[in-house]
Amino acid sequence: MASIETIEAVPQFGLCEAGAPYQARPCAFGIAVDDKGRIALVRIARETYVNWDLPGGMIDPGESEAVALAREFCEETGWAVTAGALVARAEQFTITRTGERRRNQCGFFLCELVEMTGGKIEDDHELVWLDPHEALTRLRHPAAAWAVTHWLRMGRVCGGRPR
C-alpha cells in the first residue's frame, strides 16, 4: 500500500502584480497575551498615517525564528519574550513605502512575556493591548489578521488564552 503524504498549503495574502519580482523576506511575529486576555499590537505612527501590526519582523541572516522574534519584539515593545508554539504560517505580498516588492514569509508564534527590559528602540512603535476581536479590525496585514483568527479558533489547543 502506498503511503499518503499530507501537504498543508501556506495561504497567501495581498495583491501580487503578475510577472513582477517580489523579494522573499522571512519574518516572525508574536501573539502575546496579557492576564486580561488582550493581545499585544504595535501602533506605528508615521507623519501621514498609522499602522497596527503584531510585534515582530524580518529574520536576519543566521537567526532562527525564535531569536528573531525575541529581538524584534523587544525592539518594538521593550518586552523580553520567549517564542512558544507555532500558530500559523502565511505569506503576505506587500509593497514598502520605498516601492520595494516583498513576499513576507511569516511564522506566527505564541509568545510568553518574560520581563519589561526597556530595550525598545523603535521610537515610532507604541505597545497597545487590545481585545483580540478589536485587534482584528485594526491589523494592517490580512495575513496577521488571519493568524489571529486561526489562533482564536484553535482555542486553548496551542496554549493561548483566547476569549
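In every chain, residue numbers begin from 1 and rise along the written sequence. Note on the predicted model: pLDDT of at least 70 is required for a residue's local features to be given, and 80 or more for side-chain atom pairs to be given and counted; whole-chain, interface and lining totals, by contrast, use all residues. The basis for the side-chain values is all heavy atoms of the structure; hydrogens and waters are excluded.

Asks: Requested: an account of the nonpolar core, with residues and values cited.
Replies: Nonpolar side chains tend to gather and get buried jointly when the protein is soluble and globular. Of all hydrophobic cores here, the largest spans 26 residues; its most connected members are Ile31, Ile39, Leu41, Leu54, Phe108, Val148 and Trp151. For helices the rule is a DSSP run of H or I covering at least 4 residues; for strands it is a run of E covering at least 2, with both sets numbered from the N terminus onward. Mapped by element, the contributors of at least two residues to this core are β2 (23–32), β3 (39–45), β6 (79–95), β7 (101–116), β8 (125–130) and α3 (142–154). Only heavy atoms matter for contacts: two residues are in contact if any of them lie within 4.5 Å across the pair. In contact with Ile39, other than residues within four places in its own chain, are Ile31, Ala32, Val33, Leu54, Val128, Trp129, Leu130, Pro132, Ala135, Val148 and Trp151. Counting residues in each nonpolar core, the second largest holds 12 residues, with Ala32, Trp79, Val81 and Phe109 among its members. Residues enter a nonpolar core if they are buried and are Ala, Val, Leu, Ile, Met, Phe, Trp, Tyr or Cys, with the set joined through side-chain atoms within 4.5 Å. Note on exposure labels: buried denotes an accessible area under 20% of the residue type's maximum, exposed denotes more than 50%, and partly exposed covers the range between, all computed with a 1.4 Å probe on protein chains only.

Asks: A description of the sheet that holds β3 should follow, citing residues and the corresponding values.
Replies: One open sheet accounts for three strands, arranged β4-β3-β8; its pairing is antiparallel. Looking at strand neighbours, the two that pair on one side only are β4 (50–53) and β8, the edges of this open sheet. The mean inter-strand angle of the sheet, taken between neighbouring strand axes irrespective of direction, is 30°. When DSSP locates at least two bridges between a pair of strands, those strands are taken to pair. The sheet contact formed by β3 and β8 spans six bridges and is antiparallel. Residue pairing for β8: Leu41 is matched across the bridge by Val128. Where helices are involved, their axes are fitted lines through C-alpha atoms of the stretch in contact, as for all axes, and angles between N-to-C directions lie from 0 to 180°.

Asks: Any chance you could break down the environment of Val114 for me, citing the residues and the numbers?
Replies: Mapped onto the secondary structure, Val114 falls in strand β7. Taking the relative accessible area as the measure of exposure, Val114 reaches 47% and is therefore partly exposed. Considered as a pair, Val114 and Gln12 are 102 residues apart in the sequence and their alpha carbons are 32 Å apart. With near-sequence residues (within four places) excluded, Val114 lies in contact with Trp79, Ala80, Val81 and Thr82.

Purely geometric numbers; function is a separate question.
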